[in-house]
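# Descriptive analysis of the structure
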Amino acid sequence: MKFPENFLWGGATAANQLEGGYNEGGRGPNLADVLPGGKVRMKLLSQSGFDFEMDTEKYTYPNHEAIDFYHRYKEDIALFAEMGFKVFRMSIAWSRIFPKGDELEPNEEGLAFYDRVFDELHKHGIEPLVTIAHYETPLHLIKEYGGWKNRKLVDFFERYVTVLFNRYKDKVKYWLTFNEINGATHFPLFGLGFSATSDETRLQESFQGLHHQFVASAIAVKLAHQIIPGSQIGCMLIYAPTYSYDANPENVMYALADGRMFNFYCGDVHVRGEYPTFANRFFKENDIVIEMQEGDLETIKEGTVDFISFSYYMSRTEKKNKTPEEIGEGNLIGGVKNPFLKASDWGWEIDPTGLRVALNELYDRYQKPLMVVENGLGAYDKVEEDGSINDDYRIEYLRDHIKAMGEAIEDGVDLIGYTSWGCIDLVSASSGEYSKRYGFIYVDKHDDGSGTLERSRKKSFYWYKDVISSNGENL
Ligand code: BGP
């Protein structure tokens, strides 16, 4: 495998799943604070009408403490450096900077925290890659304004990014706007910060919210370029190549239409600066009308991204008529079971070749640099008596995916980096579990809240270190 020189190897996280310190340093509450831990989370995420209230009698709220990066960031960054990370993907919690989201002045303590994190990263020669919005809308913006359904969030977001770019202009070169923006129609709660009024209104509300985020993202791109010359600002998609279940042309067409709506709709707006024409029919057939203000389309056109980043966990297999039994248990974004694939303990289908397909499809369509900013295996780990953790299954998963990236580079794709998801164990986004572990670094913390939070190196830690030092040659 030949990876380009200066390839950005690293790991990825998000503030709400990592930091803890939820009521420290002047931070205000955000979406993740009111999401319970355990399998109930997925149910709440998928249904309409969630009230954003906590019920501490019934549920636990693991994101409050997460893995306490807020106090332990120095130790964690030293471990990333030991593995040889070139880049560390993290997000900024909006409610640390603007505790409610609609204030005029930012919270200095929150800004100072990220100064310390960035300084620590630079001390170790690690480049920060910062997601501006990763599933952590301030709770006040959700409750008072209805999240991204409300146009006002565009202005609040503009104020937020202006503060970030001015403050960190000498420390952060790589930025991403909205995490997995295209997941919105499946889980508006996560990215758009609202629970659909009803199942019937979900699509209309989500596409309106997405329009607001497209405008906000384009404003952020323009501001980043003005305030931080030489900065690189990208979009962030969930990419799931969509296969037809078989060669039946009806299924092929169904998979094509469904797949492009999911994979390309947001990318086209971010990258080409235009709404794709295929969306018109979808909108017509689903009675969706997007309200726009004058100048929105120009703003979108002027604020196209420098590169495309995406998460890759699974492919999708589609057919026109499917029965509920055919639907894969872990296929959160739809699709039927693929008979050629095995799945993880959470039912997520494992398909390394799908990553090569994804990279080729994205590069063929956009010819922009690509970065894989999430990929990894959520698995149960076992600590042996001597303290070792032999996560060969994780090594195998990552090896196969890195090989697929190597193949894509051979295919001619311009891939600039790879940050595997959850490089240190953290709280799962979809299930709020600690036991769904992704890390090279084990964190002693459990679903029942017990644990010392102590960190230790898994077998994959040493393996990844070798991958990075050999620039992908030793797999
Ligand atoms: C992505 C999110 C991450 C992350 C990852 C793994 O959708 O951007 O925040 O958590 O998926 O998912 P999970 O934590 O549910 O296993």
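The present account deals with the structure reproduced in this document. (Residues numbered from 1 in each chain as written. Predicted model: local features only at pLDDT ≥ 70, side-chain atom pairs only at ≥ 80, totals over all residues. Heavy atoms only, no water.)

Before going further, it helps to examine the overall build of the protein chain. Summing up its helical and strand segments, the protein chain has 16 helices and 14 strands in all. What you see for the protein chain is a C-alpha radius of gyration of 21 Å, in line with the 23 Å of a compact globule of 475 residues. When the backbone C-alpha atoms are referred to their principal axes, the protein chain occupies close to 60 × 55 × 50 Å. Going through the 475 residues of the protein chain one by one, you find that 61% of them count as buried. Sequence separation of 24 or more characterises 76% of the internal contacts of the protein chain that already satisfy a separation of 6 or more. Entry remark: accessible area of the protein chain is about 18500 Å², with carbon and sulfur atoms responsible for 49%. When the 51 positive and 74 negative side-chain charges of the protein chain are each reduced to one mean point, those points stand 1 Å apart. (Helix = DSSP H or I, 4+ residues; strand = E, 2+ residues; numbered from the N terminus. Rg over C-alpha atoms; globule rule 2.2 N^0.38 Å. Buried < 20%, exposed > 50% of the residue type's maximum accessible area, 1.4 Å probe, protein only. Contact = heavy atoms within 4.5 Å. Areas by Shrake-Rupley, 256 points an atom, 1.4 Å probe, with all protein chains shown as cover. Lys, Arg positive; Asp, Glu negative; His and termini not counted. Charge placed at Lys NZ, Arg CZ, Asp CG, Glu CD.)

Turning our eyes to something else, we now look at the nonpolar core. Judged by nonpolar contacts, the single largest core of 127 residues is most densely connected at Phe157, Phe165, Tyr265 and Tyr464. Sorting elements by how many residues they give to this core places helix α9 (residues 202-227) first, with eleven residues. If we skip the residues at most four places from it in the chain, Phe165 touches Ile132, Trp175, Ala220, Leu223, Ala224, Ile227, Ile228 and Ile233. Judged by nonpolar contacts, the second largest core, of 15 residues, contains Phe50, Tyr135, Ile142 and Phe190. (Core = buried A, V, L, I, M, F, W, Y, C linked by side-chain atoms within 4.5 Å.)

In this section: helix α12 (residues 278-285). Of the residues making up α12, those classed as buried are Phe278, Ala279 and Phe283. The buried side chains of α12 occupy one side of the element, clustering within an arc of 130° when seen end-on. Opposite the packed face of α12, turned more than 90 degrees from it, sit the exposed residues Arg281, Lys284 and Glu285. Elements in contact with the buried residues of α12: α9, α10 (249-263), α11 (265-272) and α14 (352-366). Positioned one or two residues after α12, Asp287 has a phi angle of 55°, which is positive. (Arc of directions from axis to C-beta.)

Turning our eyes to something else, we now look at the sheet that holds strand β4 (residues 174-178). Around the barrel, eight strands lie side by side as β1-β2-β3-β4-β5-β7-β11-β12; this closed barrel has parallel pairing. The mean angle between the axes of side-by-side strands here comes to 25°, regardless of whether they run parallel or antiparallel. Across three bridges, β4 lies against strand β5 (residues 232-238) in parallel orientation. The partner of Tyr174 across the bridge, within β5, is Gln232. The sheet strands contacting helix α7 (residues 152-167) are β3 (127-133), β4 and β5, and the helix crosses β3 at an angle near 165°. Along the sheet, α14 contacts β5, β7 (307-311), β11 (370-374) and β12 (415-421); its crossing angle with β7, the most-contacted strand, is approximately 155°. (Pairing = 2+ DSSP bridges. Axes fitted to C-alpha atoms, helices over the stretch in contact; angles between N-to-C directions.)

Moving on, we get to the state of the cysteines. Across all of its chains, the model carries zero disulfides by this definition. Here Cys235 stays unpaired: no disulfide links it, and the sulfur of Cys266, its closest cysteine neighbor, is 8.9 Å away. Under the relative-accessibility criterion, Cys266 is labelled buried at 2%. (Disulfide = S-S within 2.5 Å.)

This part takes up the site of the ligand. Not every one of the 14 residues close to the ligand is listed here, only the nearest: Glu180, Ala429, Ser430, Lys436 and Tyr438. Asn179 has a polar side-chain atom sitting 2.9 Å from an oxygen atom of the ligand. Contacts to the ligand include Ser428, whose side-chain N or O atom sits 3.3 Å from an oxygen atom. Protein coverage of the free-state accessible area of the ligand, which is 380 Å², stands at 94%. Residue composition of the shell around the ligand, grouped by class: six nonpolar, five polar and three charged. (Near = heavy atom within 4 Å. Polar contact = N/O pair within 3.5 Å; in protein donor to acceptor, adjacent residues only side chain to side chain. Nonpolar A, V, L, I, M, F, W, Y, C, P; charged D, E, K, R; others polar.)

Glancing now at the side chain of Lys458. Its place among the elements puts Lys458 in the loop between β14 (455-457) and α16 (459-469). Of note is the side chain of Lys458, whose polar atom sits 2.5 Å from the side chain of Asp381.

The phi torsion at Asp287 lies on the positive side, around 55°, for a residue other than glycine. The phi dihedral of Gln367 is positive, around 50°, even though this residue is not glycine. Here Gln367 lies in the loop between α14 and β11.

Applying the stated criterion across every chain, the model contains 34 salt bridges. Of the charged contacts in the structure, one is a salt bridge between Arg27 and Asp33, with a shortest N-O distance of 2.9 Å. Arg27 sits in the buried class, given a relative accessible area of 10%. The class of Asp33 is buried, set by a relative accessible area of 3%. (Salt bridge = Lys/Arg side-chain N within 4 Å of Asp/Glu carboxyl O.)

Under the definition given, this model contains 44 aromatic pairs. Geometry around Phe461 places Arg457 over its ring, the cationic atom sitting 5.5 Å from the centre. (Phe/Tyr/Trp six-rings, centres within 6.5 Å; stacked < 30°, edge-to-face > 60°. Lys NZ or Arg CZ within 6 Å of the ring centre and 35° of its normal.)

Compared with an ideal rise of 1.5 Å per residue, which puts 26 residues at 38 Å, α9 spans 36 Å between its outermost C-alpha atoms and is within 8% of the ideal. With 20 of 26 residues buried, α9 is to be regarded as a mostly interior element. (Expected span 1.5 Å × (residues − 1).)

So, on to the environment of Arg399. Looking at the element boundaries, Arg399 is found in helix α15 (residues 392-411). In sequence terms Arg399 and Trp463 are 64 residues apart; their C-alpha atoms lie 9.6 Å from each other. Contacts of Arg399, omitting those with residues within four sequence positions, involve Trp463 and Leu475. Only 2.3 Å separates the side chain of Arg399 from the backbone oxygen of Leu475, close enough to count as a polar contact.

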